[in-house]
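Structural characterization, general
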Amino acid sequence: MAVGTLATVKSLDPEDLRTIGAQMILANAYHLHLRPGDELVRDFGGVHRFMGWDGPMLTDSGGFQVFSLEGLRTVSEDGVEFRSHIDGSKHVFTPETVMQIERNLGADVIMQFDHVIPGQSEIGASREASERSIRWLARCVTALEKLRAGGPPPKNTILDFPPLPGTIFPLPAPSHPQALFPILQGGIHESLRVEAARTIRDVGDWRGFGIGGLSVGEAKPDMYRILDVVDAELPRDRPRYLMGVGFPEDLVEGVKRGVDLFDCVAPTRMGRNGAAFTRDGRLNIKRAEFRTDPRPLDEACDCSACRRFSRGYIRHLFVSDEILGHRLLSLHNVHFLVRLMRDARAAIRAGTFDAWSRDWLARYHTRPVPSA
Ligand SMILES: [Zn+2]
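Let me begin by describing the structure that accompanies this report.

Rules behind the numbers
Residue positions are given per chain, counted from 1 along the sequence in the order it is written. At least 70 in pLDDT is required for a residue's local features to be given in this predicted model, at least 80 for side-chain atom pairs to be given and counted, and no such filter applies to totals for whole chains, interfaces and linings, which use all residues. Computation of side-chain values: all heavy atoms of the structure, hydrogens and water removed. Helix and strand assignments come from DSSP, with helices taken as H or I runs of at least 4 residues and strands as E runs of at least 2, each series counted from the N terminus. Contacts between residues were defined by any pair of non-hydrogen atoms, one from each residue, lying within 4.5 Å. Working definition: with a 1.4 Å probe on protein chains only, accessible area under 20% of the residue-type maximum means buried, over 50% means exposed, and in between means partly exposed. DSSP-based pairing: two strands are paired if at least 2 bridges between them are found. By convention, a crossover is right-handed whenever its connection, traced from the first strand over the helix to the second and viewed with the strands pointing away, goes clockwise. Pairing of N or O atoms within 3.5 Å defines a polar contact, subject to two protein rules: one partner must be a possible hydrogen donor and the other a possible acceptor, and residues neighboring in sequence count only if both atoms are side-chain atoms. Each metal site lists N, O and S donors within 2.8 Å (3.2 Å for Na, K and Ca). With water left out of the atoms, a site can look as if it is missing ligands. Angle rules define the geometry names used: all angles between 85 and 135 degrees makes four donors tetrahedral, while opposite donors over 155 degrees apart and all other angles between 65 and 115 make four donors square planar and six octahedral, leaving every other case irregular. Axis lines are fitted to C-alpha atoms, over the contacting stretch for helices. Their N-to-C directions set the angle, which ranges from 0 to 180 degrees. The salt bridge criterion pairs a side-chain nitrogen of Lys or Arg with a carboxyl oxygen of Asp or Glu, the two atoms within 4 Å. Comment on the angle field: the value is read as roughly parallel under 35 degrees, roughly antiparallel over 145, roughly perpendicular from 65 to 115, and oblique elsewhere. For a crossing to be left-handed, the near helix must be turned anticlockwise from the far one by less than a right angle; the clockwise case is right-handed. Classification used: nonpolar for Ala, Val, Leu, Ile, Met, Phe, Trp, Tyr, Cys and Pro, charged for Asp, Glu, Lys and Arg, polar for all others including Gly. For this analysis, a nonpolar core means a set of buried residues of the types Ala, Val, Leu, Ile, Met, Phe, Trp, Tyr and Cys, connected via side-chain atoms within 4.5 Å.

1. Some words on the side chain of D16
Topologically, D16 is positioned in helix 1 (residues 14-20). D16 has contacts with S11, R327 and L331, leaving out every residue within four places of it along the chain.

2. Considering the pairing of strand 2 (residues 25-28)
Along any regular strand the residues' side chains alternate between the sheet's two faces. Neither face of strand 2 is open: one carries I25 and A27, the other L26 and N28, and all of them are buried. Two elements, strand 1 (residues 2-3) and strand 2, share 2 bridges in a ladder whose sense is parallel. Pairing of A2 across the sheet is with I25, part of strand 2. Note that the unit made of strand 1, helix 1 and strand 2 has a crossover that is right-handed. With 4 bridges joining them, strand 2 and strand 3 (residues 57-60) adopt parallel strand pairing. By the bridge assignment for strand 3, I25 is matched with M57.

3. Points about the environment of K286
Position of K286 among the secondary structure elements: in the loop between strand 14 (281-284) and helix 12 (304-308). Taking relative accessible area as the criterion, K286 reaches 40% and is therefore assigned partly exposed. The sequence separation of K286 and L105 amounts to 181 residues, and the corresponding C-alpha distance is 38 Å. Beyond its immediate sequence surroundings of up to four residues, K286 is in contact with N273, G274, R315 and F318. Of the polar contacts made by the side chain of K286, one reaches the backbone oxygen of N273; its length is 3.2 Å.

4. Points about the coordination of the zinc ion
Only C301 (SG), C303 (SG), C306 (SG) and H332 (ND1) from the protein reach the zinc ion as donors, at distances of 2.1 to 2.3 Å. One can describe the donor arrangement at the zinc ion as tetrahedral, given that its 4 donor atoms subtend angles of 100 to 118° at the metal. Taken in chain order, the donor set of the zinc ion reads C-x1-C-x2-C-x25-H. Placement of C301 in the loop between strand 14 and helix 12 and of H332 in helix 14 (residues 323-350) is noted, with a sequence separation of 31 residues between them. By relative accessible area, which is 0% here, H332 ends up buried.

5. A short note on the sheet that holds strand 4 (residues 73-75)
A sheet is described by the order of its strands in space; here 3 strands give the open sequence 4-5-6, paired in antiparallel fashion. Edge positions in the open sheet fall to strand 4 and strand 6 (90-93), since each of these has one partner strand only. Averaged over all adjacent pairs, the angle separating strand axes in this sheet is 15°, with direction ignored. Note: strand 5 (residues 80-83) against strand 6, 4 bridges, orientation antiparallel. Residue pairing in the sheet places E81 in a bridge with V92 of strand 6.

6. Looking at helix 6 (residues 95-105)
Across the 11 residues of helix 6, 8 count as buried, placing the element largely inside the fold. All of the buried residues in helix 6 are P95, V98, M99, I101, E102, R103, N104 and L105. Looking one or two residues beyond helix 6, the residue adopting positive phi is G106, at roughly 80°.

7. Section: the pattern of salt bridges
Under the definition given, this model contains 32 salt bridges. Residues E77 and R132 are paired through a salt bridge, measuring 2.9 Å at the closest nitrogen-oxygen approach. With E77 in the loop between strand 4 and strand 5 and R132 in helix 7 (residues 123-149), this pair connects stretches of sequence that are 55 residues apart. When the shortest N-O distance is used, the salt bridge between R238 and D237 registers 3.7 Å. Using a relative accessible area of 24% as the deciding quantity, one classes R238 as partly exposed. The exposed category is assigned to D237, whose relative accessible area is 57%. Through salt bridges with shared partners, a single network forms among R198, R201, D202 and E233.

8. A closer look at the packing of helix 8 (residues 190-203) against helix 9 (residues 220-233)
Running from N to C, helix 8 and helix 9 cross one another at 30°; their axes reach a closest spacing of 9 Å. Relative to helix 9, the element helix 8 lies roughly parallel. Helix-helix and strand crossings are classified by hand; for helix 8 and helix 9 the assignment is right-handed. Only R225, I226, V229, V230 and E233 of helix 9 make contact with helix 8, whose side of the interface consists of E190, R193, V194, A197, R198 and R201. Partitioning the contact of helix 8 with helix 9 into residue classes produces 5 nonpolar, no polar and 6 charged.

9. Brief notes about the nonpolar core
In terms of nonpolar packing, the biggest core is built from 79 residues, with L17 and F113 touching the most fellow members. The dominant element in this core, judged by the number of residues it contributes, is helix 14, at 9 residues. Aside from chain neighbours lying at most four places away, what touches L17 is A2, V9, L12, A22, I25, W53 and V334. Membership of the second largest hydrophobic core comes to 15 residues, among which are L297, C306, L317 and L329.

As structure tokens, then:
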């Protein structure tokens, strides 16, 4: 999934994403609740219509964000009280309020509100967070059922306005069903992960599963070990979503362990910092050696940046702090990940994934020093 935290994939138009072949966008309930407000998004017909994207969308619940507000939050069994990082205003997230927010935003897949803790937490804290997340899941289910059974959406003057000519979203959110994904916690402790997977698996017919609490400061071998454990416990016919991951190599390692969905700000954030993904590893376009380099970012890439512009030109844009530089690298990086996943799917279908992933990882990790 391309990450559009604030209902925009930074510097990319939804039209770009369609051209690239991106299939799904992620937005964030915490951020959209604070600004511009989930009720405003609802009045515009939901997040799809608000941002002009007619493909699938997922909203994260904001659990990760509110638990990251160290010093600005109080946690209880009921939920989390916190102060906004924007203006210090007070808010309360509970499973119930978060379901209302995600209902207002109207994404196709919504994540449960969960208790997130740092990656290296010891088993006691991990158990507490995992068990609380499971209790909160039950509250999310009840709250969502109530919302679905509720009356018609409130009167809305914004939606009375005729749709803009280029928009094709007749359905005002949230009149469509939304799939609630549970989130597995349990830190880096195998027994907790197994317990969480079995409990959650047995209490509902979930359309998919979130794997949370990874890529939050633990070592990579720990993440891979936990993914192996979770892979064996979850039903094979439902998508598994590894939250907040990752870099190209993480995607390949994740697919190897049965993961289907990923999200990460890396392609656009790295792009804005001048880093491009290539088959030979990461490249920093700001380096002096690219000043006279006439080649594209990645010679095998067919994105619109690589088809038209040289490394030398893109380096010039970055050195001059030109906004097009940020856009071109974001475009290339998102394209790179979309294509990587397309190649992985093709390899799986052809029965050649093991060899394909071994070769891909070997080449990516070799990282020869790029020459000008
Ligand atoms: Zn490219």
